Amino acid sequence: MPEPLWERIQRLIDQLNESLDEAPRSVREERDLSDRIRRELRRYEEHRAELSPPDRDRLLDFVVEDLVGLARAYHPTAPAGLPDTDDPARALRLLMEAGDVLAGSLEYEAMLDRLARLSVGWFAEVCAVYLQESGGRVRRVAAVHRHPAGQARLTEIGSIDHPDHPVAVALRSGETLHLPEVATPHFLRDADDDGAVAVAPHAVLVVPLSVRARVTGALVFSRAAAVGPYAAAEVELAEELARRAALAVEDARVRDEAERARRARTEFVSSISHEFRTPLMTVVAFAHLLQEGIPVPIPEEARGHVARILAAAGHLDRLVEQSLGYQRAEAGWETVRAATTDLASIARESAALVEPLARQKGLGFVVDAGDAPFAAHTDADKVRQILFSLLGNAVKFTDRGEIRLALRAEGDRAVLEVSDTGIGIAPENLERIFEAFWQAEPGAVERGPGIGLGLSLLRRNTWMLGGDVRVTSEPGRGSTFRVTIPIG
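Note that the coordinates shown come from a computational prediction; the quantities given were computed from them, not determined experimentally.

(A) Expanded view of the pattern of salt bridges. Summed over the entire model, instances satisfying the criterion amount to 24 salt bridges. The shortest N-O distance in the salt bridge between Asp-113 and Arg-117 comes to 2.6 Å. Here Arg-117 and Asp-113 lie together in helix 5 (residues 108-119), a separation of 4 residues that amounts to about one turn. On the basis of relative accessible area, Asp-113 is assigned to the buried category, the value being 2%. For Arg-117, a relative accessible area of 14% corresponds to the buried category. The partner of Glu-349 in a salt bridge is Arg-384, with the nearest N and O atoms 3.6 Å apart.

Shown next, in the form of structure tokens:
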């Protein structure tokens, strides 16, 4: 039985703790680390549904590596001395390590916390990160003391409610603020104390986080004034760190907004689909009653109208089912029910359902599935959904020529290939056609109703079977969709 993700993370972190000959973390540090790990795992769960199985495995490895790195960053250490940032090689090494940190997390607050922990080994006794949120509120998301003894009772650059606070000044101006010696008590106070305390003078460097001329926060470095002010090379290095951190935060926020929009869209689709299904079933039920002559027989010419009502209702029901299938897949409710099945038989059955539609348009229809059974251990229903979607799309977007379905084996995988001579797909849209609610052709609705979920669900189903789908196409000459799934 696979090891649960949380247990895997905890086991690796315990091994890391045993390998580091240092004092244990404080209770507060343990609590903060645990909270950041759980938030990172939630982000992983949010993103994994969008990925193919191989990419999902790579994301898991990435997350595990990141969380172990986060645990290492939280382990208290006391560097012997500040490195020489005038040395270009050492400065480059810091930027490379910072790049790994900024690219190594799904959860941007954990990323900023790791950046602060990295920075205190280079710049300061204390590093803090502030973010400016909607409404003008400024929130401290990280604060790290260079020495373990100081972390338990961290001195920070005080309450930014004061208009002359260095962070408040830098956020207003958007310019780096360097104070070689800060002696005013209200600038520095204890994190657990509401009042000002007497502290030794500090050198303070505040670097705004800016993206496209918009200030989103600040990196703050502080060290004892006796060490000396920040050198020009250190200021330049801090500004480069801030530039990279600002871009990473912006990317994370955009990703989060997209994820919230996706969840809202999924909830809407689920809700509206259920609302459609109830009256739709009523329409179908009464149409069947009319067809059966209840309450009275209807004229023969009216039967054709009833048949059209039922056909339209059936198509609408399939659209609703697509919407619900998308919602189930998004929520992770879809499961694979694998059993030994005959893919050749499924291919011929699926083709038989779509062939009449092709014949109505005067299209040729060729099925090359062989005469012998093609045994595979897979989910037959999902294979049918995949084939019906591919064949239906091929007919929908083909006006002349033919549709071709081929089934063959390649090693330990089955290949299902659907080709057409239709309108084709522009090269820039070959990947976008698999996005939910997106349609390649602006006038696609004229070819028949659809909501742009068919190919998105097709790819999800293929991934769930452990396979993949690829498409090649040339505008005006047709397309070929190639689905591969494991046989065993």
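Now that the structure has been shown, the text picks up again.
(B) Molecular detail of helix 12 (residues 454-464). Burial within helix 12 is extensive, with 10 of its 11 residues counted as buried. Of the positions making up helix 12, those classed as buried are Gly-454, Leu-455, Ser-456, Leu-457, Leu-458, Arg-459, Arg-460, Asn-461, Thr-462 and Trp-463. One or two residues past the end of helix 12 sits Gly-466, with phi positive at roughly 85 degrees.

(C) Quick look at unusual backbone geometry. The step from Ile-294 to Pro-295 runs through a cis peptide bond, and the omega angle for that step is 10 degrees. For Pro-295, the location among the structural elements is in the loop between helix 8 (232-291) and helix 9 (300-331). Despite not being glycine, Arg-212 has its phi angle at roughly 50 degrees, a positive value. Along the chain, the position of Arg-212 falls in the loop between strand 6 (202-211) and strand 7 (214-224).

(D) Here's a closer look at the sheet that holds strand 13 (residues 468-474). Sheet architecture is open: 5 strands sit in the order 9-11-12-14-13, paired in mixed fashion. Taken across any chain shown, the strands that pair with only one partner, and hence form the sheet edges, are strand 9 (364-368) and strand 13. Going across the sheet, the axis of each strand differs from the next one's by a mean of 15 degrees, ignoring polarity. By the bridge criterion, 7 bridges tie strand 13 to strand 14 (residues 478-486) in an arrangement that is antiparallel. Paired with Glu-474 across the strands is Gly-478, a residue of strand 14. Docked against the sheet, helix 10 (residues 343-360) engages strand 9, strand 11 (402-410), strand 12 (413-420) and strand 14, running at close to 180 degrees with respect to strand 9.

(E) The arrangement of the side chain of Asp-420 in detail. Here Asp-420 lies in strand 12. Residue classification places Asp-420 among the buried positions, given a relative accessible area of 12%. Among the polar contacts listed, one links the side chain of Asp-420 to the backbone nitrogen of Gly-422, at a separation of 2.9 Å. When sequence neighbours within four positions are dropped, the list of residues in contact with Asp-420 reads Ala-394, Thr-398, Glu-402, Ile-403, Arg-477, Gly-478 and Ser-479.

(F) Up close: the packing of helix 11 (residues 380-396) against helix 12. At their nearest, the axes of helix 11 and helix 12 sit 9 Å apart, and the two run at 145 degrees to each other. Crossing geometry of helix 11 relative to helix 12 is assigned as left-handed. Across the interface between the two elements, Lys-382, Gln-385, Ile-386, Ser-389, Leu-390 and Asn-393 of helix 11 pack against Gly-454, Leu-455, Leu-458, Asn-461, Thr-462 and Met-464 of helix 12.

(G) Region of interest: the nonpolar core. The biggest cluster of nonpolar side chains holds 39 residues, and the ones touching the most others in it are Leu-112, Phe-123 and Phe-221. Of all the secondary-structure elements, those providing two or more residues to this core are helix 4 (88-102), helix 5, strand 1 (126-132), strand 2 (138-145), strand 6, strand 7 and helix 8. The element best represented in this core is helix 8, accounting for 10 residues. With 38 residues, the next largest nonpolar core counts Phe-365, Ala-414, Val-471 and Ile-485 among its residues.

(H) Summary view of the pairing of strand 11. Where strand 9 meets strand 11, 5 bridges bridge the pair, whose relative direction is parallel. Residue pairing across strands places Phe-365 opposite Ile-403, the latter belonging to strand 11. With 8 bridges joining them, strand 11 and strand 12 adopt antiparallel strand pairing. For Arg-404, the partnering residue across the bridge sits in strand 12 and is Ser-419. Count of turn residues in the strand 11/strand 12 antiparallel hairpin: 2 residues, of which Gly-411 carries a positive phi of about 65 degrees.

(I) Spatial organisation of the confidence of the model for the chain. Across the chain, pLDDT averages 77, with 68% of residues at or above 70. In the predicted structure, residues 76-83 sits below a pLDDT of 50 and forms 26 contacts with residues beyond four places in sequence or in another chain. The low-confidence segment residues 442-447, where pLDDT is below 50, has 9 contacts with residues more than four positions distant or belonging to other chains.

So, how was this worked out
Residues numbered from 1 in each chain as written. Predicted model: local features only at pLDDT ≥ 70, side-chain atom pairs only at ≥ 80, totals over all residues. Heavy atoms only, no water. Salt bridge = Lys/Arg side-chain N within 4 Å of Asp/Glu carboxyl O. Helix = DSSP H or I, 4+ residues; strand = E, 2+ residues; numbered from the N terminus. Buried < 20%, exposed > 50% of the residue type's maximum accessible area, 1.4 Å probe, protein only. Pairing = 2+ DSSP bridges. Axes fitted to C-alpha atoms, helices over the stretch in contact; angles between N-to-C directions. Contact = heavy atoms within 4.5 Å. Polar contact = N/O pair within 3.5 Å; in protein donor to acceptor, adjacent residues only side chain to side chain. Left-handed = near helix turned anticlockwise from the far one by under 90°. Core = buried A, V, L, I, M, F, W, Y, C linked by side-chain atoms within 4.5 Å. pLDDT = per-residue confidence, 0-100.

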